[in-house]
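Each chain is listed here by its residues.
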Amino acid sequence: MRSFLLALRTSRRCYSAAHKAIKLAQQQDLEQDILAWESLLAPEETAARDAVRAWVDARFAPRITEAHRRGAFPRDLIPELAELGVFGASLQGYGCAGMSSVAYGLVMQELERGDSALRSLCSVQGSLVMHAIHAFGSPEQRERWLPALAQGKLIGCFALTESSAGSDPAAMAATARRDGDAYMLEGEKAWITNAPIADLAVVFAKVADEDGRVRAFVVERGPGLEVHSVEGKLSLRASPTGNILLAAARGALLPGSGGLKSALQCLTQAREGIAWGVTGAAMDCFEAALDYGAHRQVFGRPLASRQLFQERLATMAQSIVTSQLMSLHFGRLKDQGRLTPVQVSLHKRHNVAAARRVASDARAMLGANGIIDTNKVMRHLMNLESVYTYEGTDDVHALAVGRALTGISAFS
Amino acid sequence: MKRVLVAVKRVVDYNARIRVKADKSGIDVANVKMSMNPFCEIALEEAVRLKEKKLTEEVVAVTIGVKAAQDQLRTALAMGADRGIHVLTDAELEPLAVARLLAALAQRDEPALFLLGKQAIDGDNNHTGQMLAGLLGWPQATFASKVETDPVAGTATVTREVDGGLQTLRLRLPAVVTSDLRLNEPRYATLPNIMKAKRKPIEQLSPEALGMDVPKRLEILRVEEPPKRKGGVRVASVAELVDRLHNEAKVL
């Protein structure tokens, strides 16, 4: 019956033909046997993970190759993502799911198992835009924007980075000047995920009237806000990325915001999701490599029987398990309100570098087939190059940890 | 209708890889991913749709089994059931024992409709729904591919998938209906509903509280893996094919 069901049920829960794995007789499952961590997770956490995994497998995975090739996100899937409750899933109220950090992390993992562009869109929408409005907005502003953002009726982007101010956001040049009830914003923002499809932007700018103090504003699409798509990306191709020009753009101040730390608070939230997320990409690459080894014949035997291949698989498995357990530990700390920014830096740096290595190894293990986009691994590898750099580069996080360990800042 | 009851079973996930125990006494389920039986999911989805059409006031999900089966009840609640009933037992479950427990619940809670999956993907028995109807003396429609209820008339019209095609029955309520694959496509549990499900009530009881026991009436003698697939054989002609089918495979 089980094999019959697998064969017959071509609807939502079956993998596409490209995903059908050939299993070796005595093979152990990475999650089930090696990680064996179901007992560490609460029922709603595994339920959330499984719900998102099922949706990604059935609805997103069949679309990603084409989306990646064309450099266009399948926007018709946004209402389904919203229905699933992915946007702002860790927030309380306003129609949001109010999930634990671990549940939210598992959701990010499953999204990124699909593609980093999918997880990036959701990270920006939830952890950056909705989090900023939730934390710093007035009650009216929260009512006005959060339910619509949760329902995917509005898409948001987070405009902090500028072309000359990335790792050093304090060097930003965008300004805001008081004009009656609102503010007029001037400047440019670069590398902004979601900008080309966004209805509103959370913009960070230096307020002239406050001695250049950085504050957050919501600028809705309209006069004064111009977006240009970033062309020629070889990474996160399915993620819409844009540069923003602000010329006398009207913005509403988020009153609770004050200083760069407001932006950093949002980024810390997003970084946690990213650290979980990349392990999803790593797991997808691992499974692709394992499956390839099972059916690729080399010198008369499966590639999976070769020593070097097995050694690489073992290293990948170790890397994934380490990343998962780090994520679980820090996720639980976060829910206790005890997670520090230094821990987040260590977490993000470790997991992204680990996933990038797994993807790179998987690419090599698939041989020539590893350069073909339908075989997934190189797409993940290309994406992880961006994730290595954004939300705090690997180097910057190293310095953040180094500063904490030594008490000496190597930044300036 | 006031109430629809849906039975859901905790089974090995249809995608999980399983191994037969070394002593051939059963399947090794330690660390294996467990899920709601797919046909139970379909039955539950049908019940939730009836509620959305305002044909029933409430949907109650019931499961029988180990403590961990509560996860499947929470999934049912996340999909839209209003409350759950968990009959706790560590005993091995057989269709007759399950049917007797469900019958006791049906007599206690008086649903207008009792929905089940046509079979569970572990046992593949396809017994429980039929036995339940028999024990209650209720009409039954199994392998349902379409269910319509008329609460005013007190009937259900069910299309069944049978070997000869489609058969349509009208049953007087209360009735037992078991779901087949094409009845519907179950919804995804959404994240907000997964969280809301934590607050929906689950009633826990023992088989004894229903006046029942869970006896072992069947003995599993042996569980084996199916024989390994052998390679195919090329034949030179139709005559040779017929000859081999008759003399070697002995199927003609």
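In this text the structure is predicted, and so the values were computed from the model without any measurement.

For the structure shown, the criterion picks out 46 salt bridges over all chains. Among the salt bridges present, the one from Asp361 of chain A reaches Arg357 of chain A, with a minimum N-O distance of 3.4 Å. Taken together, the residues span about one helical turn, with Asp361 of chain A and Arg357 of chain A both in helix α10 (residues 341-365) at a distance of 4 residues. Residue classification places Asp361 of chain A among the buried residues on the basis of a relative accessible area of 10%. Through salt bridges with shared partners, a single network forms among Glu31, Glu38, Arg49, Asp50, Arg53, Glu110, Arg113 and Glu287 of chain A together with Lys33 of chain B.

Let's shift gears to the confidence of the model for chain B. Averaged over every residue, the pLDDT of chain B is 94; residues scoring 70 or more account for 100%. Predicted complex metrics record ipTM = 0.88 and pTM = 0.89.

We now examine the interface of chain A and chain B. Tallying the contact residues gives 41 residues for chain A and 31 residues for chain B. At the boundary of chain A with chain B, total buried surface from both sides reaches about 3,300 Å², with 57% on carbon and sulfur atoms. Here chain A is connected to chain B by 3 salt bridges. Ionic pairing is found between Lys198 of chain B and Glu44 of chain A, a salt bridge with its closest N-O pair at 2.8 Å. If you look at where chain A meets chain B, you find 3 residue pairs in polar contact (both at pLDDT 80 or more). Taken together, the elements giving at least two residues each to the side of chain A that touches chain B come down to α1 (2-8), α2 (30-35), α3 (43-70) and α4 (78-84) of chain A. In terms of residues, the side of chain A that touches chain B owes the most to one element, α3 of chain A, which gives 12 residues. In the side of chain A that touches chain B, the residues fall into 21 nonpolar, 8 polar and 12 charged.

Now for the domain arrangement of chain A. By a widespread convention, an interface's size corresponds to the accessible area lost as its parts come together. Residue and element names in this part refer to chain A. What the domain assignment lists for chain A is domain 1 (15-28 + 262-406), domain 2 (50-150) and domain 3 (156-259). Each of domain 1 and domain 2 has a C-alpha centre, and the two are 20 Å apart. Listed per partner, the contact involves 35 residues of domain 1 and 29 residues of domain 2. Taking both partners together, domain 1 and domain 2 bury about 2,600 Å²; carbon and sulfur atoms supply 56% of that area. Across the contact surface, domain 1 and domain 2 share 3 salt bridges. Residue Arg69 pairs with Asp373 through a salt bridge whose shortest N-O separation is 2.5 Å. Joining domain 1 to domain 2, the criterion identifies 11 residue pairs in polar contact (both at pLDDT 80 or more). Of all the elements in the fold, those that place two or more residues in the side of domain 1 that touches domain 2 are α8 (260-295), α9 (307-335) and α11 (377-389). Tallying contributions element by element places α8 first for the side of domain 1 that touches domain 2, with 17 residues. For the side of domain 1 that touches domain 2, the class distribution of residues is 14 nonpolar, 13 polar and 8 charged.

So, about the nonpolar core. Membership of the largest hydrophobic core comes to 138 residues, with the highest contact counts inside it found for Leu111, Phe158 and Val202 of chain A together with Leu191 of chain B. Considering each element in turn, this core owes the most residues, 15 residues, to α8 of chain A. Those residues in contact with Phe158 of chain A that lie beyond four places of it in its chain are Val124, Leu128, Val129, Ile192, Val202, Phe204, Ala263, Cys266 and Leu267 of chain A. Within the second largest apolar cluster, 27 residues are counted, among which are Phe114, Ala133, Leu136 and Leu205 of chain B.

For the rest of this paragraph, the subject is the packing of α10 of chain A against helix α12 (residues 394-406) of chain A. All names here are of chain A. Packing of α10 against α12 leaves a shortest axis separation of 9 Å and a crossing angle of 140°. As judged from the angle between their axes, α10 and α12 are oblique. Considering how the two elements wind past one another, α10 and α12 form a crossing that is left-handed. Here Val342, Ser345, Leu346, Lys348, Arg349 and Ala353 of α10 lie close against α12, whose contacting residues are Asp394, His397, Ala398, Ala400, Val401 and Ala404. Class assignment of the residues belonging to the contact of α10 with α12 gives a composition of 7 nonpolar, 2 polar and 3 charged.

Conventions and cut-offs
- Residues numbered from 1 in each chain as written.
- Chains lettered and ligands numbered in written order.
- Predicted model: local features only at pLDDT ≥ 70, side-chain atom pairs only at ≥ 80, totals over all residues.
- Heavy atoms only, no water.
- Salt bridge = Lys/Arg side-chain N within 4 Å of Asp/Glu carboxyl O.
- Helix = DSSP H or I, 4+ residues; strand = E, 2+ residues; numbered from the N terminus.
- Buried < 20%, exposed > 50% of the residue type's maximum accessible area, 1.4 Å probe, protein only.
- pLDDT = per-residue confidence, 0-100.
- Contact = heavy atoms within 4.5 Å.
- Buried area = accessible area lost by both parts, 1.4 Å probe.
- Polar contact = N/O pair within 3.5 Å; in protein donor to acceptor, adjacent residues only side chain to side chain.
- Nonpolar A, V, L, I, M, F, W, Y, C, P; charged D, E, K, R; others polar.
- Domains from an automatic or database assignment.
- Core = buried A, V, L, I, M, F, W, Y, C linked by side-chain atoms within 4.5 Å.
- Axes fitted to C-alpha atoms, helices over the stretch in contact; angles between N-to-C directions.
- Parallel < 35°, antiparallel > 145°, perpendicular 65-115°, else oblique.
- Left-handed = near helix turned anticlockwise from the far one by under 90°.

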